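# Descriptive analysis of the structure
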Protein chains: 2
Amino acid sequence: MPPEKVLLHERTGYVPARRDVRRSLTAAALDLFLAQGFDETTVDQIAEAAGVARRTFFRHFKVKEDAIFPDHDAMLREIVAHLEAASPLVPPLTAVTEAALMVLGTYAADPETSVKRYEVTRRVPSLREHEIAATSRYQRAFAAFLNERDGAAEPRRLRHEVIAAAVVTTHNHVLRAWLRGGGTDDVRDRLSEALYGILEGLGPWLDDRDRPRDGEDDVLVVVARRDTPLWKIAQEIEAARG
Amino acid sequence: MPPEKVLLHERTGYVPARRDVRRSLTAAALDLFLAQGFDETTVDQIAEAAGVARRTFFRHFKVKEDAIFPDHDAMLREIVAHLEAASPLVPPLTAVTEAALMVLGTYAADPETSVKRYEVTRRVPSLREHEIAATSRYQRAFAAFLNERDGAAEPRRLRHEVIAAAVVTTHNHVLRAWLRGGGTDDVRDRLSEALYGILEGLGPWLDDRDRPRDGEDDVLVVVARRDTPLWKIAQEIEAARG
DNA sequence: CACTATAGGACACTGAGTGCCACCCGAGAA
DNA sequence: TTCTCGGGTGGCACTCAGTGTCCTATAGTG
């Protein structure tokens, strides 16, 4: 009787099998890691606690470590998309800053989980390394973007890498401070401020660039596809006048 | 006949059993990884190629990935020792720069191996992550040292982390360029130059500090133990006058 | 209602990493 | 010489992460 089951879903919110398998696995993993340690927890236990089969765990996570982290692969794709979608008129450093704020946002979205995860990660070397590897991928993406938008000639290439490292380091610094504080309020503001302070020191490096704005009384030309939303056009104009 | 055996060692350089097991394991691992890939190589194969038992491999390396890397644990201890042994009179940034040069030195000491290792590491995610984790440990050590020597109050703490990240990033940048170039000549000089360029930009951050040299006509006091070598005293005086 | 795609389950298998015990060998000490 | 002590090693045996393969069940579609 399929119709009955559908009704059941709608009434109780229960979905036969595949509701948020991923979420329950993450929750189970996090609790178990906190309770009895990472090495002492087997994937079987996590799967059992989440009410799924062991094999299913590895359909959602490549390795055991992945279980408790936000979906960095997806987030990284999002970040790259955001960077590449950024208008050539907005300063590259600004785009990178926004990207960093986006990443921070995923942590801020669920402080409970983030704090718990921090507690575990702090104590388990294997998890720390995993997290470091993840952040280093963002760093690579930032550096690549800067090279693409701002030139990849050799004195500058290194600077871009340093800037990317600085942004990621600052992000992590602010994030950790916030997590240690229990995850209350306004992380994003703190990161904005901190990044401003850091990039203020680093920006001058790239200011020989200082975008040749060719002349004073220039004409602003906006080209957009017919279906471009108005707000996006407005945004472009805004950026161009910055 | 112990004396005979001793002679044997001295004549042939051969040591009965524990000749550099570690080195042969590393060599075997590197060659096998290059020839047939990391995942396709089992620890059994490495051990067999090195002429030891599987169990012995894990006595020398915690994990399979460690096999091809320089002894980062030992190097890190050395770095920390060097930092802590640095005179309080030499600028902290200088000590960190020297430490980075020390690390680079271990790569430069055996270019053949370093280049080979680079080839493998470039292609195997697992090895890349391992390397990133290793470098991040140096970064932590640098930041901790700067905090200790230069104050750990909050605006500065972040800057120290950023500087540590910048130094490590620069080190890696120079190292990778050198490795891609086949590992010929003068890496250390290149790193010195690059670090100079980078820290020149970052140094001003900390210059509000500008070491309260308390007064103009100060007295230089050198305290040393009776057995301190003269060159070390001279070095201290040199640093104090810098 | 049947059909297909997709998520999950069952099972077997490889290989990394560990604990344990036995061994060998050089260095003293009796 | 003989005993013993300690460090590096070999040999199992065991756990468990991670993968390949095949099968099942369910949701969505026409």
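Just so it is clear, the structure is predicted and the values come from calculations on it, not from any experiment.

Let us look at the overall build of chain A. Helix and strand counts for chain A come out as 11 helices and 0 strands. Counting from the amino terminus, helix and strand elements in chain A follow one another as α-α-α-α-α-α-α-α-α-α-α. Across the 242 residues of chain A, 28% fall into the buried class.

Residues and elements named next belong to chain B. Look at helix 5 (residues 72-85) against helix 8 (residues 125-150): their axes get within 11 Å of each other, and the N-to-C directions meet at 15 degrees. Considering their axes alone, helix 5 and helix 8 lie roughly parallel with respect to each other. Note that helix 5 runs across helix 8; the crossing there is right-handed. Taking contact as the criterion, the partners of His72, Leu76, Ile79, Val80 and Leu83 in helix 5 are, on helix 8, Ala134, Arg137, Tyr138, Ala141 and Phe145. The residue inventory of the contact of helix 5 with helix 8, partitioned by class, reads 8 nonpolar, 1 polar and 1 charged.

Both copies of the chain are tied together by a single rotation about an axis and a shift running along it. The two copies are related by a screw operation: chain B maps onto chain A through 180 degrees of rotation and 0.0 Å of translation along the axis, at an RMSD of 0.1 Å. The superposition of one copy onto the other is thereby described by a two-fold rotation axis. When C-alpha distances to the rotation axis are compared across chain B, the minimum falls at Ala165(B), with a value of 3.1 Å. Both copies share a contact surface, since 100% of the interface residues of chain B are interface residues in chain A too.

Of all hydrophobic cores here, the largest spans 63 residues; its most connected members are Phe142(A), Ala166(A), Val167(A), Phe142(B), Ala166(B) and Val167(B). Among the nonpolar cores identified, the runner-up in size contains 15 residues, and Ala29(A), Phe57(A), Ile68(A) and Leu127(A) belong to it.

Residue and element names in this part refer to chain A. One can read the domain layout of chain A as domain 1 (2-64) and domain 2 (72-206). Placing a centre on the C-alpha atoms of domain 1 and another on those of domain 2 gives a separation of 30 Å. Contacts between the two partners involve 4 residues from domain 1 and, on the opposite side, 8 residues from domain 2. Of the residues that constitute the side of domain 1 that touches domain 2, the class distribution is 4 nonpolar, no polar and no charged.

Moving on, we get to the interface of chain B and chain A. Taken residue by residue, the interface counts 16 residues in chain B and 16 residues in chain A. Elements that contribute at least two residues to the side of chain B that touches chain A include exactly helix 8, helix 9 (154-180) and helix 10 (187-202) of chain B. Of the residues in the side of chain B that touches chain A, the class split is 9 nonpolar, 5 polar and 2 charged.

Moving on to unusual backbone geometry. Residue and element names in this part refer to chain A. A positive phi angle, close to 40 degrees, is found at Asp185, a residue other than glycine. Along the polypeptide, Asp185 turns up in the loop between helix 9 (154-180) and helix 10 (187-202). By the C-beta count within 10 Å, which is 11 here, Asp185 ends up exposed.

On to the environment of Ala166(A). Structurally, the position occupied by Ala166(A) is in helix 9. Take Ala166(A): there are 26 C-beta atoms within 10 Å of it, and that puts it in the buried class. For the pair formed by Ala166(A) and Gln45(A), sequence separation is 121 residues and the distance between their alpha carbons is 39 Å. Apart from residues lying up to four places away in sequence, Ala166(A) is in contact with Ile198(A), Leu202(A), Val162(B), Ala165(B) and Ala166(B).

The next thing to look at is helix 3 (residues 43-50) of chain B. Residues and elements named next belong to chain B. Residues Ile46, Ala47 and Ala50 constitute the buried set of helix 3. One face of helix 3 carries all of its buried residues, which in axial projection span an arc of 95 degrees. Two residues or fewer after helix 3 comes Gly51, characterised by a positive phi angle close to 75 degrees.

As a further point, take the environment of Tyr138(A). The topology assignment puts Tyr138(A) in helix 8 (residues 125-150). Once residues lying within four places of it in the same chain are set aside, the contact partners of Tyr138(A) are Leu76(A), Ile79(A), Val103(A) and Val168(A).

Moving on, we get to the environment of Ala50(B). Residues and elements named next belong to chain B. Counting through the fold element by element, Ala50 comes out in helix 3. Classification of Ala50 as buried rests on a count of 23 C-beta atoms within 10 Å. When the C-alpha atoms of Ala50 and Thr94 are compared, they prove to be 42 Å apart, with 44 residues separating the residues in sequence. Among all residues touching Ala50, those that are not within four sequence positions of it are Ser24, Leu25 and Ala28.

Criteria and cut-off values
Residues numbered from 1 in each chain as written. Chains lettered and ligands numbered in written order. Predicted model: local features only at pLDDT ≥ 70, side-chain atom pairs only at ≥ 80, totals over all residues. Helix = DSSP H or I, 4+ residues; strand = E, 2+ residues; numbered from the N terminus. Buried ≥ 20, exposed ≤ 12 C-beta atoms within 10 Å, placed from the backbone. Axes fitted to C-alpha atoms, helices over the stretch in contact; angles between N-to-C directions. Parallel < 35°, antiparallel > 145°, perpendicular 65-115°, else oblique. Left-handed = near helix turned anticlockwise from the far one by under 90°. Contact = placed C-beta atoms within 7 Å. Nonpolar A, V, L, I, M, F, W, Y, C, P; charged D, E, K, R; others polar. Least-squares fit on C-alpha atoms with pLDDT ≥ 70 in both. Core = buried A, V, L, I, M, F, W, Y, C linked by C-beta atoms within 7 Å. Domains from an automatic or database assignment. Arc of directions from axis to C-beta.

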